[in-house]
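In case you want the letters, here they are:
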Amino acid sequence: MSTLGELAARLRAALGDGAVLDDPAELRTYECDGLSHYRAVPGLVAFATSADAVATIVTACAQAAVPFVARGSGTGLSAGALPSTEGVLIVLAKMRGLVELDAEGQRAVVEPGFINLDVSRAAAPYGLFYAPDPSSQQICSIGGNVAENSGGAHCLKHGFTTHHVTGIELVTPSGEQVTLGNGKAPDAPGYDLLGAFVGSEGTIGILTQATLRLLPRPEAVVTLLAGFATTDEAGAAVSAIIASGVLPAAIEMMDALAILAAETAVHPGYPEGCGAVLLVELDGPGIDVAEGLATVEALCLANGASELRTATSEAERALLWKGRKSAFAAVGQLSPDFIVQDGVIPRTKLPEVLRAIDALALAAGIRVANVFHAGDGNLHPLVLFDESVEGDAERAEAVSSAIVDLCIAHGGSITGEHGVGADKVQFMGRMFGEDDLDTMQLLRCAFDPAGLSNPGKIFPTPRLCGEVPGRRGAHPLTVPGAVEVF
Amino acid sequence: MDEEAPAANDSVDGVPARRTVRPESTEALAALLTEGAAAGEAVVFVTGRSKLDWGRPPRQLDAVVDLSAMERVIEHAAGDLVVRTSASVRLAELNAELARAGQRLAIDEVVPGTSIGGLIATGLSGPLRHAFGSVRDLLLGITVVRADGRVARSGGRVVKNVAGYDLGKLFTGSFGTLGAITEAWFRLHPLPAARRYLSASWSEAESAAATVRRVATSTAAPAAVELGRDGRGPYAVTVLLEGSEASVAARADQLEALTGARFAAGAVPPEGFGSLPGDSTLKLTFAPGTLGPLLDHLDSSLAGLGGPGEGLVLRGAAGVGVLFLGAGPEVDLAPVLRAAREAATAAGGGAIVLRAPAGRRAGLDLYGPLPAPALQRAVKASFDPGDRLAPGRFVAA
């Protein structure tokens, strides 16, 4: 019997027949995550319903030297849950329990498959909410959020997943169940392995439980929509808002093409003839929100805003957000295919980088729609193409790739929230030097010396653990002309 | 490199050093560590020397590597609300410079003289962590020199970034046992137009704890929620509000209405605010919702352990689950540590000895149970296979 065949038999015996899939047709259902042009049919699929089950599966994989990949809701956008054809895909979507809601202590304890938005729903009756709000929050799971250190529109003020997890339980790549952090308490003694785990993209273990911090729901929330003639003006307004000392919960921008897409699809009624729209949301004590709104309105007008609208009720705010939230899907109506890019630049560089993206698109004859988190410089250019037109996909890919290089050249990052996954492995050597990547992998070697946990993700060149540093030849990707981030 | 003769009194935590070296650049530090790796030399990094009585004495010490002479860099990108700073800069000095542009690194100077390197190496945060998070939460990027002399970076200068592992968090609080921290990027915040400190005290733990929880879960967005108690005295709660003059006034009224407390309000912090109590200090952590039971537990189990004189002082960011317990020189630490650890553990956290004069730490289990001890040791062994960086000084090292 093959290694995978033996593994399947062993897992069936331990977890029951229904816990394992090995039928080729059924396996195909799991061949990709949210980034669907990366496909690999997993060798096996195993469903875990408890931490013990995860440990059983991982232990079996470790003993058989078979790689494994964890998957939650499968909504990731970097092919971080791309299966290994020779390995086991461990599906955690059935582990979706709310273990505890401690309203007095502002904590929620959840299983990895628990859906992001459901945390805030469970906390709402107590006047609390869970801050990280990735766009996919209705379907993405906390396990995936922890793996990717997910953000969202409101992380400008409230921070990312890493700021809101106080403790986790995980299964290490050798199959051990361990606790990191201090449960509901902060600052566990020892190294901050919890901090290192969040955002490690499934490469150093599998989350089985997370304790999340809940925040008081703000007293007041106001959303402002401002229309500008150009993205230059809107970008200048963003810089002015940041510099003023007002810290909005979110600052989102859409350019002309994104506005057109949204209008075509959902008719949000954005100001006519605008080249850019800013959505600014302020939250906090009522008096602070009122003061902040006055400042933001004045700065938008001073930077050329042609029209301002504000909304305070939930229904009115939803209307202003409707165009932004549907923008990605709306672009699908403008173009049969598109690439969603995710890069970060220092927020003061917005106008010049947006102009550079325009120039790239023009030169390649490709359309690029920009819908993004302007407040923290997190760009999401949507690069439009038509698969059926010869060469179009390649041109779009080249533009998309050039945009990432622009981010690196401006001192930014190759990913703000989607993760490196399999998709951006080739960019890691452009953002980081060889020693940087080698040092990151020292952490991996401590957790996963055999390199079985989600192999092929994040790092262009796996480090052989125990290898004497400095004696191996440089990998061609990581040396010549490596651009460094600092 | 300016290599000094063995300073007459240079030592770390009572362990004498054979020599002290003062590299002036990252390159010099890297060369020094590469040579040290070949020679199997054990080193301890120091910068501000303000926390040398923290942790455990090094098992072996060949060289004190003093980073205070390293190039001083402050690159303030005000428009982006970020700063790049070298480890040798002092926190107070950095904040004085940032203040000229109306900004700050929102971390309290808990120990006077703290350098950026020491700040990160110890991860020490004060009252502002309630609203802004602790050192690790504001750190965006880091440059370190490894045990083998290689220079590595992680993170970056942008506020949002998920490329690669977040080694900044791993190095925060690692006490120089994984590598030398030479440079960092931090996220900044605007300085507030006004600050108001609201203080009130209660003789009952339950009332003080209830006030802390009500304020922490309120919509008044406090910057800090501190609780303190001197000896057997009343429990004092101090809330810091930041914002415009009108805003802090309105929110102070709101909190009085919410809690029923009559706060004394002032523009300056009350005595001792944000400083570490005692000459020996324990750090207690707990699940924030258990503050009331924790205070009751401590009240009974610490009774009689404070001795005469200054006794025991409790103070910390109670809203987020941190309390420091300071002891004067006359206090016997062992029973205090035992009682504090038992109470904090029952409250979902734990207790460590943060600092104490050398003679008073001997024989104490400074850290208590460690989560994932095998992984902790594996991380140390992976970053420092020769066990040369501050060997024995930290819990996992």
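Since this is a predicted model, take the numbers as computed values, not measurements.

**Concerning the overall build of chain A**
Now for step 1: Scanning chain A from N- to C-terminus turns up 16 helices and 20 strands.
Now for step 2: Over its C-alpha trace chain A gives a radius of gyration of 23 Å, about what one expects of a compact globule, namely 23 Å for 486 residues.
Now for step 3: Sequence separation of 24 or more characterises 70% of the internal contacts of chain A that already satisfy a separation of 6 or more.
Now for step 4: Of the accessible surface of chain A, which amounts to about 16,800 Å², a share of 53% is contributed by carbon and sulfur atoms.
Now for step 5: Positive and negative side-chain charges in chain A, numbering 30 and 57 respectively, have mean positions lying 2 Å apart.

**Description of the interface of chain B and chain A**
Now for step 1: Counting from both sides, the interface comprises 81 residues of chain B and, opposite them, 88 residues of chain A.
Now for step 2: Of all residues in chain B, Lys160, Val162 and Tyr165 of chain B bury the most surface against chain A, accounting for 15% of the area lost on that side.
Now for step 3: Linking chain B to chain A there are nine salt bridges.
Now for step 4: The salt bridge partner of Asp187 of chain A is Arg129 of chain B, with a shortest N-O separation of 2.8 Å.
Now for step 5: For the pair chain B and chain A, the number of links is 25 residue pairs in polar contact (both at pLDDT 80 or more).
Now for step 6: With seven residues, the single largest contributor to the side of chain B that touches chain A is helix α12 (residues 373–383) of chain B.
Now for step 7: Looking at side-chain class alone, the side of chain B that touches chain A contains 38 nonpolar, 26 polar and 17 charged residues.

**Observations regarding the sheet that holds strand β18 (residues 280–285) of chain B**
All names here are of chain B.
Now for step 1: Spatially, the eight strands line up as an open sheet ordered β17-β14-β16-β15-β19-β20-β18-β21, and their pairing is antiparallel. Where the open sheet ends on each side, the last strands, each with one partner, are β17 (264–266) and β21 (350–355). Between one strand and the next, the sheet's axes are offset by a mean angle of 20°, whatever the strand orientation.
Now for step 2: Packed onto the sheet, helix α8 (residues 245–259) meets β14 (194–202) and β16 (235–243) and runs at close to 145° relative to β16.

**Things to note about the pattern of salt bridges**
Now for step 1: Inspection of the entire model under this criterion finds 49 salt bridges over all chains.
Now for step 2: In this structure, the salt-bridge partner of Asp448 of chain A is Arg444 of chain A, at a minimum N-O distance of 3.1 Å. As far as the burial class goes, Asp448 of chain A and Arg444 of chain A line up, both buried.
Now for step 3: Close ionic contact of Arg195 of chain B with Glu242 of chain B constitutes a salt bridge, the shortest N to O distance being 3.5 Å. Of the two residues, Arg195 of chain B sits in strand β14 while Glu242 of chain B sits in strand β16, which places them 47 residues apart along the sequence.
Now for step 4: Since its relative accessible area comes to 11%, Glu242 of chain B is described here as buried.
Now for step 5: Here the salt bridges do not stand alone but share partners, grouping Asp435, Asp438 and Arg463 of chain A together with Arg146, Asp148 and Arg150 of chain B into one network.

**Re helix α10 (residues 286–302) of chain A**
All names here are of chain A.
Now for step 1: Its 17 residues place the ends of α10 24 Å apart at the C-alpha level, agreeing with the 24 Å of an ideal helix rising 1.5 Å per residue.
Now for step 2: Considered for burial, the residues of α10 that qualify are Val289, Gly292, Leu293, Val296 and Cys300. Axial view of α10: buried residues confined to an arc of 110°, hence all on one face. Facing away from the buried side of α10, by more than 90 degrees, are the exposed residues Leu301 and Ala302.
Now for step 3: As for α10, its buried residues are in contact with β12 (220–228), α8 (231–244), β14 (276–284) and β15 (307–311).
Now for step 4: After α10 finishes, the residue Gly304 shows a positive phi value of roughly 100°.

**Examining the confidence of the model for chain B**
Residues and elements named next belong to chain B.
Now for step 1: With 96% of its residues at a pLDDT of 70 or more, chain B shows a mean pLDDT of 94.
Now for step 2: Taken as a whole, residues 1–6 scores under 50 in pLDDT and shows 14 contacts with residues more than four places along the chain or in a different chain.
Now for step 3: Two numbers describe this predicted complex: its pTM, 0.95, and its ipTM, 0.96.

**Side note on the sheet that holds strand β9 (residues 177–181) of chain A**
Residues and elements named next belong to chain A.
Now for step 1: Reading across the sheet, the five strands line up as β5-β6-β10-β8-β9 and stay open at both edges, with antiparallel pairing between neighbours. Only two strands of the sheet have a single neighbouring strand rather than two, namely β5 (98–102) and β9. Strand-to-strand twist in this sheet, taken as the mean axis angle between neighbours without regard to direction, amounts to 15°.

**Observations concerning the state of the cysteines**
Residue and element names in this part refer to chain A.
Now for step 1: Scanning the model with the defined rule gives one disulfide over all chains in all.
Now for step 2: Residue Cys445 pairs covalently with Cys465 via a disulfide, S to S 2.1 Å. Across the disulfide from Cys445 to Cys465, rotation about the S-S bond amounts to roughly -85°, and the bridge is consequently left-handed. Of this pair, Cys445 sits in helix α16 (residues 434–447) while Cys465 sits in the segment after α16, and the two are 20 residues apart along the sequence.
Now for step 3: Accessibility expressed as a relative area gives 10% for Cys445, which makes it buried.
Now for step 4: The exposure class of Cys465 is partly exposed, given its relative accessible area of 29%.
Now for step 5: Summary of cysteine pairing: Cys140 is not part of a disulfide, and the nearest cysteine sulfur, belonging to Cys155, is at 13 Å.
Now for step 6: Free of any disulfide, Cys274 has its nearest neighbouring cysteine sulfur in Cys300, separated by 12 Å.
Now for step 7: Note on Cys274: relative accessible area 11%, which makes it buried.

Thresholds applied
- Residues numbered from 1 in each chain as written.
- Chains lettered and ligands numbered in written order.
- Predicted model: local features only at pLDDT ≥ 70, side-chain atom pairs only at ≥ 80, totals over all residues.
- Heavy atoms only, no water.
- Helix = DSSP H or I, 4+ residues; strand = E, 2+ residues; numbered from the N terminus.
- Rg over C-alpha atoms; globule rule 2.2 N^0.38 Å.
- Contact = heavy atoms within 4.5 Å.
- Areas by Shrake-Rupley, 256 points an atom, 1.4 Å probe, with all protein chains shown as cover.
- Lys, Arg positive; Asp, Glu negative; His and termini not counted.
- Charge placed at Lys NZ, Arg CZ, Asp CG, Glu CD.
- Buried area = accessible area lost by both parts, 1.4 Å probe.
- Salt bridge = Lys/Arg side-chain N within 4 Å of Asp/Glu carboxyl O.
- Polar contact = N/O pair within 3.5 Å; in protein donor to acceptor, adjacent residues only side chain to side chain.
- Nonpolar A, V, L, I, M, F, W, Y, C, P; charged D, E, K, R; others polar.
- Pairing = 2+ DSSP bridges.
- Axes fitted to C-alpha atoms, helices over the stretch in contact; angles between N-to-C directions.
- Buried < 20%, exposed > 50% of the residue type's maximum accessible area, 1.4 Å probe, protein only.
- Expected span 1.5 Å × (residues − 1).
- Arc of directions from axis to C-beta.
- pLDDT = per-residue confidence, 0-100.
- Disulfide = S-S within 2.5 Å.

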